[in-house]
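Notes for the structure review
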Amino acid sequence: MLETANYDCPYCGEEIETTVDLSGGDQEYFEDCQVCCKPVRFLLQVHGEEWMLDVFGEND
C-alpha cells in the first residue's frame, strides 16, 4: 500500500514529497534529497492502519 508523505530535509530545510510503501512494515532506508542531493535516512514505522515517518541526516 503506497502513501504520500511530506518531510523537511534535515540539510536544506526544503519541504519534499515522497511515497512510502507500507506493505513492507517497519523500514529504514536512505534516499537523496531531491533539492540538495544529500543522503536522508528514513525511519518508517507501521502499526496497522497508522504509520509514522521520521527523517534524519546521515550522521544523526
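Here we summarise the structure given alongside this text. By convention here, each chain's residues receive numbers from 1 onward along its written sequence. Local features are withheld for residues below a pLDDT of 70 in this predicted model, meaning they are given only at 70 or higher, and side-chain atom pairs are given and counted only at 80 or more; totals for whole chains, interfaces and linings count all residues. By convention in this description, side-chain values take in all heavy atoms of the structure and omit both hydrogens and water.

A closer look at the overall build of the protein
Selection rule: Secondary structure is summarised from DSSP: a helix means a run of H or I of at least four residues, a strand means a run of E of at least two, and numbering begins at the N terminus for each. For a compact globule the rule gives 2.2 Å times the number of residues to the power 0.38, and the radius of gyration it is set against comes from C-alpha atoms. Only protein chains enter the accessibility calculation, which uses a 1.4 Å probe. A residue is then buried if its area is under 20% of the maximum for its type, exposed if over 50%, and partly exposed in between. Contacts are assigned to residue pairs with any non-hydrogen atoms lying within 4.5 Å of each other. Note on areas: these come from Shrake-Rupley sampling with a 1.4 Å probe, and a residue is covered only by the protein chains present in the view.
Assigned secondary structure in the protein consists of zero helices and five strands. In the protein, the succession of α and β elements from N to C terminus is β-β-β-β-β. At 11 Å, the protein has a C-alpha radius of gyration in line with the 10 Å of a compact globule built from 60 residues. Projected onto its principal axes, the C-alpha coordinates of the protein cover approximately 30 × 20 × 15 Å. Counting over 60 residues, the protein shows a buried share of 25%. Look at the contacts in the protein between residues 6 or more apart in sequence, and 28% of them connect residues 24 or more apart. Here the protein displays about 4,000 Å² of accessible surface, and carbon together with sulfur accounts for 43% of that area.

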